[in-house]
Amino acid sequence: KMEAYARLQALAPVTMLDLDTVITRHLELPVPEEGFAYMQASPRHVEKVWGGFQISSPRFRRVVVEHFYKDPEAAMAACNGCDQKYYTAHHRSKIKILNALIPDAIVSYKMHVLQQGLQPANAFIMFHALPRPWHCQESWIPRLLPLSE
C-alpha cells in the first residue's frame, strides 16, 4: 500500500481495495476531507483499522509516504510488518472508519454473509484470510479466469 501511495500522482481522493474484495452493487462512497482517509475496520473491533478498503486524500497519502519512507524498515519493524498496525500507530487521528459510516455496506464474508446470507444493503464483501473469493461458488461472485483464457 505504501508503494501504491508513493506512485499515485492523483490530485483527488483515491479508493483502494484488496484484490479479495467482491463488489456486489453500486455504492456512492464518501469523499474524505483533505488530509484524511476513510478505512475499513475490523468487523469485530471497530477501533482496529484494516487497510483492505480505503479512500485517501492526496495530503493523507503524502504524509504517509513522507513518514514511511524516512525509514521504512524501522516503520514496519515497530509494527511487526503489519500495515494495519502502522496506520493505527502513526496515522489513526487522520483515519475515519468507513464501515461505521456505512455499516451494512461493507461486510465480512465469514462473519456476515456466511451467517445471514448476502443482504440487499451489502455492497463490498471483504474476504480476510481463508476462504478467498476464488475458493467459493457463490452465484454473486464473478468467475475468475486464469490470465491465459
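Heads up: the structure comes first, above all this text.
This section reports on the structure supplied with the text. (Residues numbered from 1 in each chain as written. Predicted model: local features only at pLDDT ≥ 70, side-chain atom pairs only at ≥ 80, totals over all residues. Heavy atoms only, no water.)

Before going further, it helps to spend a moment on the packing of aromatic side chains. Here the structure, examined in full by the defined rule, presents eight aromatic pairs. Between Y5 and Y87, the ring centres sit 6.4 Å apart and the planes meet at 50°, which makes this aromatic pair tilted. Of the two residues, Y5 sits in helix 1 (residues 2-7) while Y87 sits in helix 4 (residues 83-91), which places them 82 residues apart along the sequence. For Y5, a relative accessible area of 3% gives the class buried. The class for Y87 is buried, based on a relative accessible area of 0%. Judged by centre distance (6.1 Å) and plane angle (55°), the rings of Y109 and W140 are tilted. On the criterion of sequence distance, the pair formed by Y109 in helix 6 (residues 109-116) and W140 in the segment after strand 7 (124-126) is long-range, its members being 31 residues apart. Neither residue differs from the other here; Y109 and W140 are each classed as buried. Three or more aromatic residues joined by ring pairs form one cluster here, namely Y5, F60, F68, Y69, Y86 and Y87. (Phe/Tyr/Trp six-rings, centres within 6.5 Å; stacked < 30°, edge-to-face > 60°. Helix = DSSP H or I, 4+ residues; strand = E, 2+ residues; numbered from the N terminus. Buried < 20%, exposed > 50% of the residue type's maximum accessible area, 1.4 Å probe, protein only.)

Moving on to the sheet that holds strand 6 (residues 106-108). Within a sheet, neighbouring strands are paired by backbone hydrogen bonds and run either parallel or antiparallel to one another. Strand order in this open sheet of three strands is 2-7-6, and the pairing throughout is mixed. Two strands in the sheet have a free side with no partner beyond their single neighbour: strand 2 (21-23) and strand 6. Going from strand to strand, the sheet's axes swing by 25° on average, the running direction of each strand aside. In this structure, strand 2 lies alongside strand 7, joined through three bridges in antiparallel fashion. Residue pairing across strands places T21 opposite M126, the latter belonging to strand 7. (Pairing = 2+ DSSP bridges. Axes fitted to C-alpha atoms, helices over the stretch in contact; angles between N-to-C directions.)

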